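Architecture at a glance
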Amino acid sequence: MNLIQTKFYVRIAYDQLKTIKNTHMKLTERYKKPTPTFFRKLRNIGIALAATGGAIIAAPISLPAILITIATYLTVAGTVATAVSQAVVSDQD
């Protein structure tokens, strides 16, 4: 590879990096943008799962260990689904 080819490839890499940098979005900007319909539904399901799991965990009665374990998994899965779904934004501007 000669010097001209090297400069050409460096320029392409620089342009690609610049494009990636321009499309990078801060988390606060991402959370303010509208969420697509599918992910809004998924977010609502995640909220329901987390609330259900939390209610079972916080129940004032004694429950079997397996039920508490399942409720813990529900809470974690619901929380993760909610957070990820909220962070998804539409490409359409």
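Notes on the structure follow. It should be emphasised that the depicted structure is a prediction, and the values quoted were computed from it without experimental measurement. (Residues numbered from 1 in each chain as written. Predicted model: local features only at pLDDT ≥ 70, side-chain atom pairs only at ≥ 80, totals over all residues. Heavy atoms only, no water.)

A count of helical and extended segments in the protein gives four helices and zero strands. The order of helices and strands in the protein, counted from the N terminus, is α-α-α-α. In the protein, buried positions account for 12% of the 93 residues. Put simply, 71% of the contacts in the protein that link residues at least 6 apart link residues at least 24 apart. For the protein, the computed accessible surface area is about 7,500 Å², with 68% contributed by carbon and sulfur atoms. (Helix = DSSP H or I, 4+ residues; strand = E, 2+ residues; numbered from the N terminus. Buried < 20%, exposed > 50% of the residue type's maximum accessible area, 1.4 Å probe, protein only. Contact = heavy atoms within 4.5 Å. Areas by Shrake-Rupley, 256 points an atom, 1.4 Å probe, with all protein chains shown as cover.)

In this section: the environment of L63. Along the chain, the position of L63 falls in the loop between α3 (37-57) and α4 (65-87). A relative accessible area of 26% means that L63 is categorised as partly exposed. When residues no more than four places from it in sequence are discounted, the contact partners of L63 are I56 and I68.

Time to look at the packing of α3 against α4. Where α3 contacts α4, the two axes come as close as 7 Å, and the packing angle between them is 150°. What the angle tells us is that α3 and α4 run roughly antiparallel. For the crossing formed where α3 meets α4, the hand is left-handed. Contacts from F39, L42, R43, G46, I47, L49, A50, G53, G54, I56 and I57 in α3 reach L67, I68, A71, T72, L74, T75, G78, T79, A81, T82, S85 and Q86 in α4. Per-class residue counts for the contact of α3 with α4 are 12 nonpolar, 10 polar and one charged. (Axes fitted to C-alpha atoms, helices over the stretch in contact; angles between N-to-C directions. Parallel < 35°, antiparallel > 145°, perpendicular 65-115°, else oblique. Left-handed = near helix turned anticlockwise from the far one by under 90°. Nonpolar A, V, L, I, M, F, W, Y, C, P; charged D, E, K, R; others polar.)

Within the secondary structure layout, Q86 lies in helix α4. For Q86, a relative accessible area of 19% gives the class buried. Ignoring sequence-local partners within four residues, the contact set of Q86 consists of Y31, T35 and R43.

Okay, a nonpolar patch on the surface next. Among the surface-exposed residues, I66, L67 and I70 lie close enough to one another that they form a single nonpolar patch of about 270 Å² accessible area. Along the chain, L67 falls in helix α4. With relative accessibility at 33%, the residue L67 sits in the partly exposed group. (Patch = residues over 30% accessible without salt bridge, like charges linked within 9 Å, V, L, I, M, F, W, Y side chains within 5 Å. Salt bridge = Lys/Arg side-chain N within 4 Å of Asp/Glu carboxyl O.)

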